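Chain by chain, the residues run as shown.
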Amino acid sequence: MAPRQKLLLVLIDGLGDVAIPQLDYKTPLQVANTPWLDKLAAGGKNGLMDSVEPGLACGSDTAHMSILGYNPRKYYRGRGAFETMGAGLEMIPGDIAFKSNFAYLDRESGIVISRRADRHFEGLGPTLCNALDGVKLPSFPEHTVAVKYATEHRCGVRVRGPQLTDTITGTDPLKDNLPLIKCTPTEDTEAARMTSKLINELSDVFYQVLSKHPINDDRKKAGKNPANCILLRGCGSCIDIPSIEKLHGFKSFLIAPTCIIAGLGMTAGMDILPVEGATGDYFTNFQVKGDAAVKNLTGSKYDFGFLHIKAVDDAGHDRNIDYKIKFLEKIDIMIGDIIQRLNQDDGENEYTIIVTSDHSTPVLYGDHSCEPVPFCISRPKYALDPSFGNGDVVTKYEEVEAARGSLGRFCGSQLMAIAKSYMTKN
C-alpha cells in the first residue's frame, strides 16, 4: 500500500532581506549559521516566491491567503476580522472589526507620537482591553463594542449593530509623528458615512477611557509613554471561503499564536492548535512549536500542518540585525529536530517539508518590502542524505542561492499546486 502523503509548511514571517553594509553586503540569512536549512535546500527543489505578485510589498494576511490558494483580490475584506477572530471574538455577518494598536497620542496637537506604545505589553494589554470592552457610544445606542487583547501591543476590536460596512478607512497614520487619521468613507453610501461617524466617536471614547486609566498614570510617572490611543486599522468583515479540506483535500492544523494568522486559519476551516510557550514574539519557545507540529502531523488525524513563526519579522521591524540572525539560527535548530524526528517515524507516512516566508522585512527598512522570499521543498530523508533525492544546484538556503533553483521565480498562488505535485512525483 502506498504511504500516506503528508505536508508540513514552515512559514518564517518576514524572512527575506536585502544586502546590509554592516554584514559585508550580505543578508542576515546569508550570514546566519543554518546547517539544517542548508541540508533541506541541498536535497530539495528551490526557488524565489512573490507571495502575491512581483513588486507588491504585501501584508501577512494577503500573503497567507495567496499562499493557501485564496485570491486576495477576490476574497480580501480587510485584516480586522482575522485579528479579532484570532483574539477570540466571534464574528457574524454584519459585524466589522479592526486590527488595532495601543499607541501614544499627543491630544493637544493630534499627533500620534508612537504607533506602538510599548511592544512588551503582555502584562498591561489584557487589563486595558477589559476597561475598553463594552464601552458605550452615546450617539449610537444600538451598537455594541467588544475588545480583546491579542499579542504584544495589539488588540481586536469588534463593532456590532445595524447598517455597518467595512468600506471605510482606519485611523492609523502608518508612521510615527503624524496626525491621527479621521475615519472617512471609501464609497459614497449612507452606511459608509454612518459607520465613519461611529468609528470617529469610538476613537474619542477609547481615548477618554485610556487617558484616565491608572495604568497610564503609572506609566507617565515612570517616564513612559501612556497607551492612551487605539489605532483602528484594516477594517474588515467576515468572508466566506471554501475550507482547506474542500479546496486541497487536506485535513489541516495551524500553529500560530499571532492572532491575525489564527483568524485566517479559522476562516479557512483549519484546526488552531494552542501551544503553551508559543507566544509569537521574542520570548517564544521554538522547540515546543516544533514538538507540537511533529506530534500532530505523525498522528492519524492530519495531512497538512502549517507552522507559523513570527520573531524574525519583529526583528526586521525593530531594525535589529543581531536579533534577526539569532532567531534564524534558533529556528534552524528547530527545523533540524523536525527533520530528524519525521525521518524516524516508522508509520505509513511520507513527509514533505516546505520552508518559506510571507514577505521580506529588511532590517534597513523596518517594514515589509517587495523582494521575493526563498522557497524550498524537500523530504526529511533527502535532507539527511541528498543522494536519495533529485534536487537542484542549490546547496544553501538563502535569497541569492534560491534564485538558482529549479523552480525559478513564481507567485504564492502556485505554492499548493507545487506542493501537491512534489508529493506525488518525488
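Just above sits the structure.
Residues numbered from 1 in each chain as written. Predicted model: local features only at pLDDT ≥ 70, side-chain atom pairs only at ≥ 80, totals over all residues. Heavy atoms only, no water.

Colleague: For the packing of helix H5 (residues 80-87) against helix H10 (residues 259-267), give the residues involved together with the corresponding values.
Modeller: The geometry of H5 relative to H10 is characterised by a closest axis approach of 6 Å and an angle of 95° between their N-to-C directions. Classed by the angle they form, the pair H5 and H10 counts as roughly perpendicular. Residues Phe82, Glu83, Met85, Gly86 and Ala87 of H5 form the contact with H10, whose participating residues are Cys259, Ile260, Ala262, Gly263, Leu264, Met266 and Thr267. (Axes fitted to C-alpha atoms, helices over the stretch in contact; angles between N-to-C directions. Helix = DSSP H or I, 4+ residues; strand = E, 2+ residues; numbered from the N terminus. Parallel < 35°, antiparallel > 145°, perpendicular 65-115°, else oblique. Contact = heavy atoms within 4.5 Å.)

Colleague: Explain the pattern of salt bridges to me, and be specific about the residues and the numbers.
Modeller: Any two side chains of opposite charge can pair, on the condition that their charged atoms come close. Counted under the stated rule, the structure contains 24 salt bridges. Notably, a salt bridge pairs lysine 396 with aspartate 38, separated by 3.5 Å at the nearest N-O pair. A residue pair is termed long-range when its members are at least 10 positions apart, and lysine 396 in the loop between helix H14 (380-384) and helix H15 (399-402) and aspartate 38 in helix H2 (residues 35-43) qualify at 358 residues. Accessibility expressed as a relative area gives 24% for lysine 396, which makes it partly exposed. Here arginine 379 and glutamate 350 are joined by a salt bridge, their closest N and O atoms 3.8 Å apart. Taken together, the residues arginine 379 in the loop between strand S13 (373-378) and H14 and glutamate 350 in strand S12 (residues 349-356) connect sequence positions 29 residues apart. Look at the salt bridges and you will find they share partners, linking Arg115, Asp172 and Arg233 into a network. (Salt bridge = Lys/Arg side-chain N within 4 Å of Asp/Glu carboxyl O. Buried < 20%, exposed > 50% of the residue type's maximum accessible area, 1.4 Å probe, protein only.)

Colleague: Quick rundown of the packing of helix H6 (residues 125-132) against helix H7 (residues 190-211)? Include the residues and the values.
Modeller: Two numbers describe how H6 lies on H7: the axes approach to 10 Å, and their chain directions differ by 125°. The angle between the axes of H6 and H7 places the two elements in the oblique class. Of the two possible hands of crossing, H6 and H7 adopt the one that is right-handed. In this structure, H6 contributes Leu128, Ala131 and Leu132 to the contact, and H7 contributes Phe206, Val209 and Leu210. Tallied by class, residues from the contact of H6 with H7 come to six nonpolar, no polar and no charged. (Left-handed = near helix turned anticlockwise from the far one by under 90°. Nonpolar A, V, L, I, M, F, W, Y, C, P; charged D, E, K, R; others polar.)

Colleague: I'd like a description of the side chain of aspartate 38, backed by residues and values.
Modeller: The class for aspartate 38 is buried, based on a relative accessible area of 15%. Setting aside residues no more than four positions away along its own chain, aspartate 38 makes contact with Thr395, Lys396 and Tyr397.

Colleague: Account for the nonpolar core, naming residues and giving values.
Modeller: Of all hydrophobic cores here, the largest spans 47 residues; its most connected members are Val10, Leu307, Met334, Ile335 and Val355. Secondary-structure elements contributing two or more residues to this core are strand S1 (4-12), H2, strand S9 (252-255), helix H11 (286-298), strand S11 (304-309), helix H12 (311-317), helix H13 (321-344) and S12. Top element by residues in this core is H13. It accounts for 10 residues. If we skip the residues at most four places from it in the chain, leucine 307 touches Leu8, Leu9, Val10, Leu11, Ile255, Lys289, Ala293, Met334 and Ile338. (Core = buried A, V, L, I, M, F, W, Y, C linked by side-chain atoms within 4.5 Å.)

Colleague: Report on the packing of aromatic side chains, specifying residues and quantitative values.
Modeller: Scanning the entire structure with this criterion turns up nine aromatic pairs. A ring pair is formed by phenylalanine 375 and phenylalanine 410, whose centres lie 5.1 Å apart and whose planes are at 90°; its orientation type is edge-to-face. Highlighted residues: phenylalanine 375 in strand S13 and phenylalanine 410 in strand S14 (residues 409-411), separated in sequence by 35 residues. Each member of the pair, phenylalanine 375 together with phenylalanine 410, is buried. (Phe/Tyr/Trp six-rings, centres within 6.5 Å; stacked < 30°, edge-to-face > 60°.)

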